[in-house]
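# Coordinate analysis (summary)
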Amino acid sequence: MTEKVAVITGSGDGLGKGIAQRLGKDGFRIVLSDINADTLKKTEAEFKAAGVPVTAFQGNVSRRDDQFRLVKHAVDTFGQVDVFVNNAGVEDVMPLERVTEADFDRVFNINVKGVLWGIQAAAEQMKKQGGDRIYKIINAASIAAHESYDLLGIYCASKFSVRALTVAAAKELAPHRITVNAYCPGVAGTRMWDRIDEEMGKIHGWAPGEAFKRFSSGILMGRPQEPHDVASLVHYLASPDSDYMTGQAILIDGGMVFR
């Protein structure tokens, strides 16, 4: 995979950073993207210090123009895009009866529109590049794309939508030698889960860490996941080994949801 270029949104920290680190080790030239300028700058510096060919782009995935500018930045810097990972996402924790229009739009603008704009921008460039290679678009879904959870209804709905976009895009883009798949993480010790834990604690009156403990206690592998667990799956989806796979939303949760 040397000399190929991978773009990863939401890669300033958390699972996105772990994915970018793994793909960097695989030999990809890395395009980091995040909305948080400080986090993005720090992560870019870490990659450069490690000798990984890297560039960074600050953008908001919910803005269509930003996704297209991200792809242009990748091409201007490295000449091409071979893998595009729609990793950026946000959570929502509240009963459905309390969801406002602003709450709904915030989650869907990032988790659903962001993925759609990423698919569009990546596919446009990949079609231009052509050739006999297989290009990869990889979307962040979740166990919440397979199973709905109370207090996470809008988040779950957004991730079910990512599954739908993944399948539709796989069907539409297959003639152009572009595969589209999704990865579905479970419970990880990231800042997103810190926020989920805090908000569920407020609603249920639980102590800090209790929601995280309850969600992770039944994992068959006996521990919450780490970024490298998810990154290993994305490594496979980005590699030639997955060239015959498309339209799939693969669970990587240590044994929580079974489909």
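Because the structure is predicted, anything quoted here is derived from the model rather than measured.

### Some words on the domain arrangement of the protein chain
Looking at the protein chain, the domain boundaries give domain 1 (4-186 + 226-252) and domain 2 (189-224). Once you take the C-alpha centre of each, domain 1 and domain 2 turn out to be 24 Å apart. With 19 residues of domain 1 at the contact, the number on the domain 2 side is 13 residues. With both chains or domains summed, domain 1 and domain 2 bury close to 1,200 Å², and 63% of this area falls on carbon and sulfur atoms. Of all residues in domain 1, the largest losses of buried area upon contact with domain 2 belong to Glu91, Val93 and Leu151, amounting jointly to 40% of the total for that side. Applying the counting criterion to the domain 1 and domain 2 interface returns two salt bridges. Between Glu91 and Arg195 there is a salt bridge whose closest N-O contact spans 2.9 Å. For the pair domain 1 and domain 2, the number of links is two residue pairs in polar contact (both at pLDDT 80 or more). Elements represented by at least two residues in the side of domain 1 that touches domain 2 include exactly helix H1 (14-25) and helix H8 (227-238). Of the residues in the side of domain 1 that touches domain 2, the class split is nine nonpolar, four polar and six charged.

### Observations regarding the pairing of strand S2 (residues 29-34)
If a strand is regular, its side chains alternate between the two faces of the sheet. Most of S2 is tucked away: six of the six residues are buried. Where strand S1 (residues 5-9) and S2 come together, five bridges link them in parallel fashion. Residue pairing in the sheet places Thr9 in a bridge with Ser33 of S2. Crossover handedness for the path S1 to H1 to S2: right-handed. Regarding topology, helix H2 (residues 37-49) serves as the crossover connection from S2 to the parallel strand S3 (residues 54-58), and that connection is right-handed.

### Concerning the UniProt feature "active site" (unreviewed entry) in the protein chain
Taking the UniProt record as the reference, the feature "active site" (unreviewed entry) is found at Tyr155. Among the secondary structure elements, Tyr155 is positioned in helix H5 (residues 153-173). Leaving out residues up to four positions away in the same chain, Tyr155 has contacts with Val90, Glu91, Asp92, Val107, Asn111, Ser142, Ala144 and Met192.

### Some details on the environment of Val187
Position of Val187 relative to the elements: it lies in the loop between strand S6 (178-185) and helix H6 (191-204). With relative accessibility at 1%, the residue Val187 sits in the buried group. Excluding its chain neighbours within four sequence positions, the residues that come into contact with Val187 are Trp193, Phe212, Phe215, Ser216, Ile219, Pro224, Gln225 and Met256.

### Brief notes about the UniProt feature "binding site: NAD(+)" (unreviewed entry) in the protein chain
This chain's UniProt record puts "binding site: NAD(+)" (unreviewed entry) on Asp34, Asn87, Tyr155, Lys159, Pro185, Gly186, Val187, Ala188, Gly189 and Thr190. Mapped onto the elements of the fold, Asp34 is located in strand S2. Setting aside anything within four residues of it in sequence, one finds Asp34 in contact with Gly10, Ser11, Gly12, Asp13, Leu40, Phe57, Gln58 and Gly59. Within polar-contact distance, the side chain of Asp34 engages the backbone nitrogen of Gly12 at 2.9 Å. Structurally, Thr190 is set in the loop between S6 and H6. When its relative accessible area of 14% is taken as the criterion, Thr190 is described as buried.

### Some details on the pairing of S1
Taken across its five residues, S1 has five buried, putting it largely inside the fold. Going residue by residue along S1, you find Val5, Val7 and Thr9 tucked away on one face and Ala6 and Ile8 tucked away on the opposite face as well. One ladder, built from three bridges, connects S1 with strand S4 (residues 83-86); its direction is parallel. Across the sheet, the residue bridging to Ile8 is Val85, located in S4.

Rules behind the numbers
Residues numbered from 1 in each chain as written. Predicted model: local features only at pLDDT ≥ 70, side-chain atom pairs only at ≥ 80, totals over all residues. Heavy atoms only, no water. Domains from an automatic or database assignment. Contact = heavy atoms within 4.5 Å. Buried area = accessible area lost by both parts, 1.4 Å probe. Salt bridge = Lys/Arg side-chain N within 4 Å of Asp/Glu carboxyl O. Polar contact = N/O pair within 3.5 Å; in protein donor to acceptor, adjacent residues only side chain to side chain. Helix = DSSP H or I, 4+ residues; strand = E, 2+ residues; numbered from the N terminus. Nonpolar A, V, L, I, M, F, W, Y, C, P; charged D, E, K, R; others polar. Buried < 20%, exposed > 50% of the residue type's maximum accessible area, 1.4 Å probe, protein only. Pairing = 2+ DSSP bridges. Right-handed = clockwise from strand over helix to strand, strands pointing away. UniProt positions renumbered as here; feature names shortened; annotations may be inferred.

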